[in-house]
Amino acid sequence: MASAGRVPEDSRSPYKGSMRRMVRDGYGHYLYQNTFFRYEGEWKDGKKHGHGKLLFKDGSYYEGEFVNGEIIGKGQRYWASSGNTYSGQFVLGELQGQGIMRYKDGGKYEGEFSHGVREGYGSLIDKNGQVYQGSFHENKKHGVGQMIFNNGDKYEGDWILDQRQGHGVLHSADGSTYEGQWRNGVFNGQGLMIHCSGTIYDGLWINGYPATQASKIVILGPKVIKVVQGSPITMRVQLQTDEGEIVENESGRVLKVWAGVRYVQLPAFSNFAFFKVTGDAEVKPIQTPFGFECINYPLTGRPETEASKFECPDDAPSCPKEDLEPESLLKSLLYRTRADSDDLDEPHLTSSPGNQIFSSPHYQQVDHGCAEFRNVSLAPPPPEYHPIMFLGSLPNKKEDHRCSEKMVKSKKKLPQRRNKSPTYQKEHCVNHPPSPSDTFMAYPGEYVIMVQEITTPPFLGKTLPTAFAHLKVLPRKKQPHSRDSSRSPTPPFE
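Residues numbered from 1 in each chain as written. Predicted model: local features only at pLDDT ≥ 70, side-chain atom pairs only at ≥ 80, totals over all residues. Heavy atoms only, no water.

**Points about the nonpolar core**
Part 1 of the reasoning: Counting 35 residues, the largest nonpolar core has Leu378, Tyr447, Ile449 and Leu471 as its most contacted members.
Part 2 of the reasoning: For this core, the elements supplying multiple residues, two or more each, are β18 (216-219), β19 (224-228), β20 (233-240), β22 (254-263), β25 (293-297), β30 (370-378), β32 (445-453) and β33 (467-474).
Part 3 of the reasoning: A total of five residues in this core trace back to one element, the largest contributor, which is β22. (Core = buried A, V, L, I, M, F, W, Y, C linked by side-chain atoms within 4.5 Å. Buried < 20%, exposed > 50% of the residue type's maximum accessible area, 1.4 Å probe, protein only. Helix = DSSP H or I, 4+ residues; strand = E, 2+ residues; numbered from the N terminus.)

**Examining a negative patch on the surface**
Part 1 of the reasoning: A surface patch of negative charge is lined by Asp242, Glu243, Glu245 and Glu248.
Part 2 of the reasoning: Counting through the fold element by element, Asp242 comes out in the loop between β20 and β21 (250-251). (Patch = residues over 30% accessible without salt bridge, like charges linked within 9 Å, V, L, I, M, F, W, Y side chains within 5 Å. Areas by Shrake-Rupley, 256 points an atom, 1.4 Å probe, with all protein chains shown as cover. Salt bridge = Lys/Arg side-chain N within 4 Å of Asp/Glu carboxyl O. Lys, Arg positive; Asp, Glu negative; His and termini not counted. Charge placed at Lys NZ, Arg CZ, Asp CG, Glu CD.)

**What about the environment of Asn150?**
Part 1 of the reasoning: Topologically, Asn150 is positioned in the loop between β11 (140-148) and β12 (154-160).
Part 2 of the reasoning: Sequence separation between Asn150 and Asp126 is 24 residues; the distance between their C-alpha atoms is 10.0 Å.
Part 3 of the reasoning: The residues touching Asn150, leaving out its near neighbours within four places in the chain, are Asn128 and Gln130. (Contact = heavy atoms within 4.5 Å.)

**A short note on the pattern of salt bridges**
Part 1 of the reasoning: Evaluation of the coordinates by the stated rule reveals seven salt bridges.
Part 2 of the reasoning: A salt bridge links Arg236 to Glu372; the shortest N-O distance between them is 3.2 Å. Residue Arg236 is found in strand β20, and its partner Glu372 is found in strand β30; the two are separated by 136 residues along the sequence.
Part 3 of the reasoning: The exposure class assigned to Glu372 is buried, which follows from its relative accessible area of 5%.
Part 4 of the reasoning: Two residues, Glu250 and Arg253, come together in a salt bridge whose shortest N-O distance is 2.2 Å.

**Focus on the packing of aromatic side chains**
Part 1 of the reasoning: Tallying each qualifying case throughout the model produces 27 aromatic pairs.
Part 2 of the reasoning: Here the aromatic rings of Tyr39 and Trp43 are separated by 5.2 Å at their centres, their planes lie at 90°, and the arrangement is edge-to-face. Comparing Tyr39 with Trp43 shows no difference in burial state: the two are buried.
Part 3 of the reasoning: Ring centres of Phe187 and Trp205 lie 5.2 Å apart, and the angle between their planes is 80°; on these two criteria the pair is classed as edge-to-face. With a gap of 18 residues between them, Phe187 in strand β15 (residues 186-194) and Trp205 in strand β16 (residues 200-206) connect regions that are remote in the sequence. Each member of the pair Phe187 and Trp205 is classed as buried.
Part 4 of the reasoning: The aromatic ring of Tyr39 is capped on one face by Lys48, whose charged end is 5.7 Å from the ring centroid. (Phe/Tyr/Trp six-rings, centres within 6.5 Å; stacked < 30°, edge-to-face > 60°. Lys NZ or Arg CZ within 6 Å of the ring centre and 35° of its normal.)

**Quick look at the pairing of strand β2 (residues 37-44)**
Part 1 of the reasoning: Of the pairings in the sheet, the one linking strand β1 (residues 26-31) to β2 comprises six bridges and is antiparallel in character. Pairing of Tyr27 across the sheet is with Glu42, part of β2.
Part 2 of the reasoning: Hairpin geometry of β1 and β2 is characterised by an intervening segment of five residues between the two adjacent antiparallel strands.
Part 3 of the reasoning: In this structure, the hairpin formed by β2 and strand β3 (residues 47-56) is closed by a connection of two residues, where Asp45 is found at a positive phi of approximately 55°. (Pairing = 2+ DSSP bridges.)

**Structural notes on the environment of Lys53**
Part 1 of the reasoning: Within the secondary structure, Lys53 is located in strand β3.
Part 2 of the reasoning: On a C-alpha basis, the gap between Lys53 and Phe66 in space is 9.1 Å, while along the polypeptide they are 13 residues apart.
Part 3 of the reasoning: Leave out the neighbours within four places in its chain, and Lys53 touches Arg38, Tyr39, Glu40, Tyr61, Tyr62, Glu63 and Phe66.

**What to know about the environment of His195**
Part 1 of the reasoning: By secondary structure assignment, the location of His195 is in the loop between β15 and β16.
Part 2 of the reasoning: Overall, His195 belongs to the buried group, its relative accessible area being 8%.
Part 3 of the reasoning: For the pair His195 and Phe459, spaced 264 residues apart in sequence, the C-alpha to C-alpha distance is 6.8 Å.

**Focus on the pairing of β22**
Part 1 of the reasoning: Judged by how many residues are buried, β22 sits mostly within the fold: nine of ten residues are covered.
Part 2 of the reasoning: Two strands pair when backbone bridges link them, and β22 and strand β29 (residues 363-365) are joined in this way by three bridges, in the antiparallel orientation. By the bridge assignment, Leu255 is partnered in β29 with Gln364.
Part 3 of the reasoning: Bridge count for β22 against β32 is seven bridges, and the pairing is antiparallel. Within β32, the residue paired with Leu255 across the bridge is Glu453.
Part 4 of the reasoning: Two elements, β22 and β25, share five bridges in a ladder whose sense is antiparallel. Residue Gly260 lies in a different strand from β25, and its bridge partner there is Asn296.

**What to know about unusual backbone geometry**
Part 1 of the reasoning: The omega angle of the peptide bond from Thr456 to Pro457 is -10°, so this bond is cis rather than trans.
Part 2 of the reasoning: The residue Pro457 is located in the loop between β32 and β33 in this model.
Part 3 of the reasoning: The backbone phi angle of Asp162 is positive, close to 70°, even though this residue is not glycine.
Part 4 of the reasoning: As for its position among the elements, Asp162 is in the loop between β12 and β13 (163-171).
Part 5 of the reasoning: Taking the relative accessible area as the measure of exposure, Asp162 reaches 33% and is therefore partly exposed.
Part 6 of the reasoning: Unusually for a residue other than glycine, Asn375 sits at a positive phi of about 50°.
Part 7 of the reasoning: Looking at the secondary structure, you find Asn375 in strand β30.

**Re the confidence of the model for the chain**
Part 1 of the reasoning: Averaged over the chain, the pLDDT score is 76; the fraction of residues at 70 or greater is 67%.
Part 2 of the reasoning: Taken together, the stretch residues 303-357 has pLDDT below 50 and engages in 101 contacts with residues farther than four places along the chain or on a different chain.
Part 3 of the reasoning: Within the model, the stretch residues 482-494 combines pLDDT values under 50 with 22 contacts to residues more than four positions away or in other chains. (pLDDT = per-residue confidence, 0-100.)

Next comes the structure, spelled out in structure tokens:
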């Protein structure tokens with residue numbers, strides 16, 4: 001009985017052998033109790049080992065190397081929810097080491113990963129085509145790096161959590177350059193900008209703008225400038241803030257000086273003015289802050305070797321007194337006529353390599369907030385400008401409108417009382433011919449000097465408003481008559 005009830009030893013050995021053969025080894029498929037996962041690939045000692053593919057029910061998957069049941073080594077991961085794909089190194093199922101992440105929106109990152117996020121050095125191309133190369137921390141640009149924006153700008157410098165912060169250099173696509181401090185992605189702190197127009201600002205910046213920003217052009221001197229006929233004038237100019245502070249940190253803006261003559265329309269005879277303009281010349285009245293209009297009037301001036309040097313006016317103690325370079329940082333300023341310009345024959349300036357140094361006395365560059373126009377004179381009237389002078393009342397139809405030099409000399413003084421200015425008989429002169437000496441200078445009268453910014457392109461997108469100065473030209477003193485002198489006296493104006 002006992003022998004019959006024993007289980008033969010050979011009957012147990014086949015059972016033990018079958019258990020050993022049930023250990024997963026080699027290539028096979030495995031379906032987990034949680035049907036969300038499924039594996040197909042290589043096995044060793046009952047564990048996923050070698051090359052395999054772990055599939056998820058939502059369409060995501062991992063395909064690559066397994067070590068003792070863990071995702072370790074090189075592989076590829078796809079996320080169905082985001083559409084992103086990663087290929088690179090894995091450690092315990094996480095992105096770790098070098099890898100490439102391709103984003104569904106078209107972006108791409110190639111570089112270092114740690115615990116599933118961008119960490120270390122890498123290169124990122126975002127969906128807009130912008131390229132960043134540098135350091136990352138917790139998936140964000142952090143540390144030192146450079147970025148090329150899709151508008152052509154290039155930044156090199158410090159980053160903090162995806163923001164440009166610290167010290168950096170920006171090379172703009174238009175040719176402008178900024179080097180200095182950044183905060184929250186904009187200029188903040190000390191910085192130097194060399195604008196593509198040639199304007200330079202070296203100083204403090206606040207939220208992307210200069211702390212002392214020029215808002216106006218100021219012509220120094222009295223409210224009404226009085227000069228003798230034929231005398232040159234010197235215009236001293238400052239760039240100031242709204243509070244009247246000179247902008248010493250700024251240089252390079254291009255200023256033009258030009259003039260106008262008072263345009264007087266008589267109520268009853270609207271076709272008469274200080275000058276009668278004939279020919280094809282178009283009269284465009286310009287409104288001035290002095291309560292009258294003017295029309296364009298030419299200037300003359302002699303360029304000098306020292307004209308480009310700057311001297312601060314004596315009445316401006318806030319101007320820098322140190323020696324300044326006679327030539328600006330950008331020496332390549334030339335004329336460029338702007339199409340559809342509102343001004344007559346107005347040249348504009350542009351900077352380009354190889355151009356000559358600009359030296360016209362009517363165009364100056366601002367140096368540390370100041371500029372000076374030297375030896376500027378009013379030119380003789382253009383051929384199409386015919387002076388009209390009025391002595392007394394206008395002539396009537398029966399009177400002869402012709403006027404000759406003989407008629408002017410025929411004026412006789414009336415009896416005078418003491419302390420009374422001399423009076424003249426009423427004579428009429430229309431289109432009076434100027435004397436030979438007057439043909440080389442402007443007539444006495446009221447003029448306007450204007451200083452206009454023509455920086456191209458405008459610095460920070462803003463052009464300063466034009467500055468005006470009221471100019472009165474006084475007649476020269478009459479020279480003693482001599483037999484050898486053929487010059488006639490300057491005709492009086494009223």
